[in-house]
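Residue-level structural notes
One letter stands for each residue in the lines below.
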Amino acid sequence: MYIRDIFNQNKLCVSFEIFPPKATTPAEEVMSAARELSFLSPSYMSVTCGAGGSAAGSFDTIDTASYIKNELNTEALAHLTCVLNGREATDKSLARLKAEGIQNVLALRGDLPQGFTEPQGDFKHACDLVSYIKENSDLCIGAACYPEGHVESSDIEDDLDRLKYKVDCGVDFLVTQLFFDNNMLYSFLYKAARKNIDVPVTAGIMPVMGRAQIQRMCTISGATLTPKFKAMVDKFYGNSKALCQAGIAYATEQIIDLISNGVKNIHIYTMNKPEVAEKIMYNIKDILE
């Protein structure tokens, strides 16, 4: 099923993200996490790429997405990057996706590996990859957006202009990078509407599970930390269980506020921890019903 059709049902949509196994991680660990997450009945599950645009192990993004789609009967969204991949590699991925019955991709440039200053493949930007997928497949295409602007953009207006162009290349829906201040998303949605960016936007929420995780993700995403969030982290920094519990409460509060203000699509970055997603889903179960 196309994810755009899921959105067209006009219901609250909660989805999860997981990552495929690393070279040192048994595939069964990721498959087990995916199984547990599927029990929570997400609208779909997305599967990231590994560092450099692909999974380091033999059980890669498409294998994981196929397991979710064909074994767990949950709709899957496979990430596809172009930072190190050209047309030949992309064609192979598109053929594998079709063979596995996967109908949805998230088209991304991908993070530049250490030592690289620009993409090395045929596509320099995500919009180039979007156009190529649109021309060479019948996939439903998602793309990333940044509530506070991409870290490489000069300002939010420049970033929105680039986003508008990317959407016009064939994007069916958008998924935001993480953010910790809902007002940033509301401002982004208002500005995006002014640019006539009219595809569905899914709000990406990452529950806090460790201080190092926060610092790393904020560097990548450009997300700012609210005083309330900083106080929470400072208070519970030395107690990992307390920080995780507080992070789940903070994420739950974010989601409730988003839904209360009309946001219908929520994407939870689970970090392959089903127990965290389960607690959040329990906290909002009556709201979802």
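To start, this report covers the structure provided alongside it. As the structure is a computational prediction, the values presented were derived from the model and not from experiment.

1. Considering the packing of aromatic side chains
In this structure the tally under the stated criterion is five aromatic pairs. Centre to centre, the rings of F7 and Y44 are 6.5 Å apart; their planes meet at 75 degrees, and the pair counts as edge-to-face. A residue pair is termed long-range when its members are at least 10 positions apart, and F7 in helix α1 (residues 3-8) and Y44 in the loop between α2 (27-38) and β2 (45-47) qualify at 37 residues. Of the two residues, F7 and Y44, neither departs from the other in class, the shared state being buried. The rings of F7, Y44 and F173 are connected pair by pair, giving a single aromatic cluster. Against the face of Y2 rests R4, its NZ or CZ located 4.2 Å from the ring centre. Just above the ring of Y282 sits the side chain of K285; from NZ or CZ to the centre is 5.2 Å.

2. Brief notes about the environment of E75
Turning to its location among the elements, E75 is positioned in the loop between α3 (61-71) and β3 (76-81). We classify E75 as buried; its relative accessible area is 11%. Considered as a pair, E75 and S46 are 29 residues apart in the sequence and their alpha carbons are 8.6 Å apart. Ignoring sequence-local partners within four residues, the contact set of E75 consists of M1, I6, S43, Y44, M45, I68, K69, Q103 and N104.

3. Overview of the pairing of strand β8 (residues 265-269)
Most of β8 is tucked away: five of the five residues are buried. With burial as the criterion, each face of β8 is covered, one bearing N265, H267 and Y269 and the other bearing I266 and I268. Examined bridge by bridge, strand β1 (residues 13-18) and β8 share five bridges and lie parallel to one another. Looking at the pairing, F16 lines up with I268 of β8. Bridging between strand β7 (residues 201-205) and β8 involves three bridges; their strand directions are parallel. Bridged to I205 within β8 is I268.

4. Description of a nonpolar patch on the surface
On the surface, L12, I256 and I287 cluster together to form a nonpolar patch covering roughly 190 Å² of accessible area. We classify I256 as partly exposed; its relative accessible area is 32%.

5. Observations concerning the nonpolar core
Nonpolar side chains tend toward joint burial in soluble globular proteins. I133, L174 and I266 are the most contacted members of the largest nonpolar core, which has 63 residues in total. Tallying contributions element by element places helix α10 (residues 240-260) first for this core, with six residues. When sequence neighbours within four positions are dropped, the list of residues in contact with I266 reads C13, V14, S15, T202, A203, I205, I255 and L258. Counting 29 residues, the second largest nonpolar core, distinct from the first, contains F7, F180, M217 and F229.

6. A few points about the sheet that holds β1
Around the barrel, eight strands lie side by side as β1-β2-β3-β4-β5-β6-β7-β8; this closed barrel has parallel pairing. Ignoring strand direction, the axes of neighbouring strands in this sheet form an average angle of 30 degrees.

7. Focus on the pattern of salt bridges
By the definition in use, this model includes 13 salt bridges. Between D158 and R162 there is a salt bridge, and its shortest N-O distance comes to 3.0 Å. Pair noted here: D158 and R162 are both in helix α6 (residues 156-168), with a separation of four residues, about one helical turn. What you see here is one network of salt bridges that share partners, running through D60, D63 and R96.

8. Observations regarding the pairing of β3
Burial within β3 is extensive, with six of its six residues counted as buried. In this sheet, β3 lies alongside β2 in parallel orientation, the contact comprising three bridges. Bridge pairing in β3 links M45 to A76. Pairing between β3 and strand β4 (residues 104-108): four bridges, direction parallel. Paired with A78 across the two strands is V105, which belongs to β4. You can see the chain leave β3, run along helix α4 (residues 87-99) and come back into β4, and the turn it takes is right-handed.

9. Considerations on the packing of helix α9 (residues 227-236) against α10
Where α9 meets α10, the axes come as close as 9 Å, and the angle between the chain directions of the two elements is 165 degrees. When the axes of α9 and α10 are compared, the pair comes out roughly antiparallel. Both α9 and α10 take part in a crossing whose hand is right-handed. Only A242, L243, A246, G247, Y250 and E253 of α10 make contact with α9, whose side of the interface consists of K228, F229, M232, V233 and F236. Among the residues making up the contact of α9 with α10, the classes are represented as eight nonpolar, one polar and two charged.

Conventions and cut-offs
Residues numbered from 1 in each chain as written. Predicted model: local features only at pLDDT ≥ 70, side-chain atom pairs only at ≥ 80, totals over all residues. Heavy atoms only, no water. Phe/Tyr/Trp six-rings, centres within 6.5 Å; stacked < 30°, edge-to-face > 60°. Helix = DSSP H or I, 4+ residues; strand = E, 2+ residues; numbered from the N terminus. Buried < 20%, exposed > 50% of the residue type's maximum accessible area, 1.4 Å probe, protein only. Lys NZ or Arg CZ within 6 Å of the ring centre and 35° of its normal. Contact = heavy atoms within 4.5 Å. Pairing = 2+ DSSP bridges. Patch = residues over 30% accessible without salt bridge, like charges linked within 9 Å, V, L, I, M, F, W, Y side chains within 5 Å. Areas by Shrake-Rupley, 256 points an atom, 1.4 Å probe, with all protein chains shown as cover. Salt bridge = Lys/Arg side-chain N within 4 Å of Asp/Glu carboxyl O. Core = buried A, V, L, I, M, F, W, Y, C linked by side-chain atoms within 4.5 Å. Axes fitted to C-alpha atoms, helices over the stretch in contact; angles between N-to-C directions. Right-handed = clockwise from strand over helix to strand, strands pointing away. Parallel < 35°, antiparallel > 145°, perpendicular 65-115°, else oblique. Left-handed = near helix turned anticlockwise from the far one by under 90°. Nonpolar A, V, L, I, M, F, W, Y, C, P; charged D, E, K, R; others polar.

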